[in-house]
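Take a look at the letters that make up each chain.
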Amino acid sequence: VFAFWAAAQGIVAAAVADYLRAVLDLATLYGRFLQVLLAIGAGALVYTGLSYAMKSEELMTMLATLRRRTRRAETDKRPTSG
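This write-up is about the structure you can find in this document. Just so we're clear, the structure is a prediction, and the values are computed from it rather than from any experiment.

Looking only at helices and strands, one finds 3 helices and 0 strands in the chain. When the elements of the chain are put in sequence order from the N terminus, they spell out α-α-α. For 82 residues, the compact-globule estimate of 2.2 N^0.38 gives 12 Å, and the C-alpha radius of gyration of the chain, at 19 Å, exceeds that figure by more than 25%. The principal-axis extent of the C-alpha atoms belonging to the chain is close to 65 × 35 × 15 Å. Expressed as a percentage of the 82 residues in the chain, the buried residues total 16%.

Taking 1.5 Å per residue as the helical rise, helix H1 (residues 2-23) with its 22 residues ought to reach 32 Å, and the 31 Å between its terminal C-alpha atoms agrees with that figure. Looking only at H1, the buried set comprises Trp5, Ala8, Ala13, Ala17 and Leu20. Relative to the axis of H1, the buried residues are bounded by an arc of 165° and lie together on one face. In H1, those exposed residues whose orientation departs by more than 90 degrees from the buried face are Ala3, Phe4, Ile11, Tyr19, Arg21 and Ala22. Residues of H1 that are buried sit in contact with helix H2 (29-53).

What counts, and where the lines are drawn
Residues numbered from 1 in each chain as written. Predicted model: local features only at pLDDT ≥ 70, side-chain atom pairs only at ≥ 80, totals over all residues. Heavy atoms only, no water. Helix = DSSP H or I, 4+ residues; strand = E, 2+ residues; numbered from the N terminus. Rg over C-alpha atoms; globule rule 2.2 N^0.38 Å. Buried < 20%, exposed > 50% of the residue type's maximum accessible area, 1.4 Å probe, protein only. Expected span 1.5 Å × (residues − 1). Arc of directions from axis to C-beta. Contact = heavy atoms within 4.5 Å.

This is how it looks when you write it as structure tokens:
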């Protein structure tokens, strides 16, 4: 299953990089940096989306931890009566 996710991630990243080749000025460092950053970001979104859709144990654990920390941080910020 993870091999399928990695393949989908790679295909999307390659497609985004190919599209951006026509849109960005790759003669500049900024253009090349932006192309790589956006392609990696798109691939990461696909991988995360597939992991969420398939209820990946690792992702669900990470999300639960983030929710607990967020709730704890909100609780700590509430004014206490006294």
